[in-house]
Amino acid sequence: EDQVTQSPEALRLQEGESSSLNCSYTVSGLRGLFWYRQDPGKGPEFLFTLYSAGEEKEKERLKATLTKKESFLHITAPKPEDSATYLCAVDSTGTASKLTFGTGTRLQVTL
Amino acid sequence: GAGVSQSPSNKVTEKGKDVELRCDPISGHTALYWYRQSLGQGLEFLIYFQGNSAPDKSGLPSDRFSAERTGGSVSTLTIQRTQQEDSAVYLCASSLTTGAHGYTFGSGTRLTVV
């Protein structure tokens, strides 16, 4: 059974204070690892897909990396508008296109 | 449409009543998914439709839950004889194809069973 564990559960940063969110996963065969951002009262918004170990993707202040066991979402010099819950999910060969999600990291960035 | 549309956005129902939740996916997206998000829980897969293939119902928690997708487009999730544990946000997503591609989610229907 695929498993996704995210840490920390919650993170409070000051504006400009860089940090990383962790997503550890166990799958039968990884087809893709996804990062989503979710704002209160909204559905998750797609950020990145990573397909293989060593791959990196960037978007503005966010950078996602992937190893064979985990993924990191690095946030550089965050701003208050980066405050949201960040979700990690995996698509594996064992689950026929159903994503398995972690419980997310709630990020709060203060001035 | 421009995005995935779900209705209603909020639904309060009495225990034992039936409810229907609607999802209108992005035009041309062949894959459609329903997930449930409970407080403090990760998104839980419910059901998946791909084109004209038989749906994957493996995530439905009980036979009180059912879903259909008409004409390869709009989908309805029906919960019969609602229970308090059914209270959650029900999210619909669609994608162009299956496999390792990002979904586009709707904003969800918040269901409260009282």
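What you are looking at is a predicted structure, and each value in this text was computed from that prediction instead of being measured.

Draft legend 1. Quick peek at the interface of chain A and chain B. Each partner contributes residues to the interface: chain A has 21 residues there, and chain B has 21 residues. Overall, the association of chain A and chain B removes approximately 1,500 Å² of surface from exposure, summing both partners, and the carbon and sulfur fraction of that is 56%. At the surface where chain A touches chain B, the tally comes to 1 salt bridge. There are 5 residue pairs in polar contact (both at pLDDT 80 or more) connecting chain A and chain B. Of all the elements in the fold, those that place two or more residues in the side of chain A that touches chain B are β4 (30-38), β5 (45-50) and β9 (84-92) of chain A. Considering every element that reaches the side of chain A that touches chain B, the biggest residue donor is β4(A), with 5 residues.

Draft legend 2. Spatial organisation of the sheet that holds strand β7 (residues 62-66) of chain A. Residue and element names in this part refer to chain A. With antiparallel pairing, 5 strands are arranged side by side in an open sheet as β1-β3-β8-β7-β6. Each end of this open sheet is capped by a strand with a single partner; those strands are β1 (3-7) and β6 (56-59). Neighbouring strand axes in the sheet, compared pairwise and without regard to direction, differ in orientation by 15° on average. Looking at chain direction, strand β3 (residues 19-26) and strand β8 (residues 70-75) are connected through 6 bridges and run antiparallel.

Draft legend 3. Main features of the packing of aromatic side chains. For the coordinates displayed, the defined rule picks out 13 aromatic pairs over all chains. Measuring from centroid to centroid gives 6.4 Å for F34(A) and Y36(A), while their planes differ by 25°, and the two rings are stacked. Taking the relative accessible area as the measure of exposure, F34(A) reaches 0% and is therefore buried. Classification of Y36(A) by relative accessible area gives buried; the value is 0%. Between Y33(B) and Y103(B) the ring centres are 4.0 Å apart and the planes differ by 20°, which places this aromatic pair in the stacked class. In this pair, Y33(B) is assigned in strand β4 (residues 31-37) and Y103(B) in the loop between β8 (88-95) and β9 (104-105), connecting sequence segments 70 residues apart. Residue classification places Y33(B) among the buried positions, given a relative accessible area of 0%. Aromatic ring contacts, followed pair by pair, group F34(A), Y36(A), F46(A), F101(A), Y33(B), Y35(B), F45(B), Y48(B), Y103(B) and F105(B) into a single cluster.

Draft legend 4. Quick peek at the nonpolar core. Formed by 22 residues in total, the largest nonpolar core has its most connected members in L33(A), W35(A), L73(A) and Y86(A). Those elements that place two or more of their residues in this core are β2 (10-14), β3, β4, β5, β7, β8, β9 and β11 (105-110) of chain A. Ignoring any residue separated from it by four or fewer positions in sequence, one finds L33(A) in contact with C23(A), Y25(A), F48(A), T49(A), L50(A), L66(A), S71(A), C88(A), A89(A) and V90(A). Within the second largest apolar cluster, 20 residues are counted, among which are W34(B), I47(B), Y90(B) and C92(B).

Draft legend 5. Looking closely at the layout of surface pockets. Size it by volume and the largest pocket reaches roughly 780 Å³. Surrounding the largest pocket, 32 residues form its lining, Q38(A), T85(A), Q37(B), L39(B) and R110(B) being those nearest its centre. Of all the secondary-structure elements, those providing two or more residues to the lining of the largest pocket are β9 and β11 of chain A together with β8 and β10 (109-113) of chain B. Top element by residues in the lining of the largest pocket is β10(B). It accounts for 4 residues. Residue composition of the lining of the largest pocket, grouped by class: 9 nonpolar, 18 polar and 5 charged. In this structure, the second largest pocket encloses a volume near 330 Å³. Lining the second largest pocket are 15 residues, and of these E1(A), D2(A), T100(A), F101(A) and L43(B) lie nearest its centre. Secondary structure elements with two or more residues in the lining of the second largest pocket: β1 and β10 (100-101) of chain A together with β5 (43-50) of chain B.

Draft legend 6. Summary view of the sheet that holds strand β7 (residues 75-79) of chain B. Residue and element names in this part refer to chain B. The strand order across the open sheet formed by 4 strands is β1-β3-β7-β6, and the pairing between neighbours is antiparallel. Each end of this open sheet is capped by a strand with a single partner; those strands are β1 (5-7) and β6 (65-69). In this sheet, adjacent strand axes meet at a mean angle of 15° when their direction is disregarded. Bridge analysis of β6 against β7 gives 5 bridges, and the strand direction is antiparallel. In the strand pairing of β7, F65 is matched with I79.

The rules behind these values
- Residues numbered from 1 in each chain as written.
- Chains lettered and ligands numbered in written order.
- Predicted model: local features only at pLDDT ≥ 70, side-chain atom pairs only at ≥ 80, totals over all residues.
- Heavy atoms only, no water.
- Contact = heavy atoms within 4.5 Å.
- Buried area = accessible area lost by both parts, 1.4 Å probe.
- Salt bridge = Lys/Arg side-chain N within 4 Å of Asp/Glu carboxyl O.
- Polar contact = N/O pair within 3.5 Å; in protein donor to acceptor, adjacent residues only side chain to side chain.
- Helix = DSSP H or I, 4+ residues; strand = E, 2+ residues; numbered from the N terminus.
- Pairing = 2+ DSSP bridges.
- Axes fitted to C-alpha atoms, helices over the stretch in contact; angles between N-to-C directions.
- Phe/Tyr/Trp six-rings, centres within 6.5 Å; stacked < 30°, edge-to-face > 60°.
- Buried < 20%, exposed > 50% of the residue type's maximum accessible area, 1.4 Å probe, protein only.
- Core = buried A, V, L, I, M, F, W, Y, C linked by side-chain atoms within 4.5 Å.
- 1 Å grid on protein atoms, 1.4 Å probe; cavity = no way out; pocket = protein on both sides within 12 Å on 5 of 7 lines; lining within 4 Å.
- Points joined across faces, edges and corners; volume = space filled by probe spheres on them.
- Nonpolar A, V, L, I, M, F, W, Y, C, P; charged D, E, K, R; others polar.

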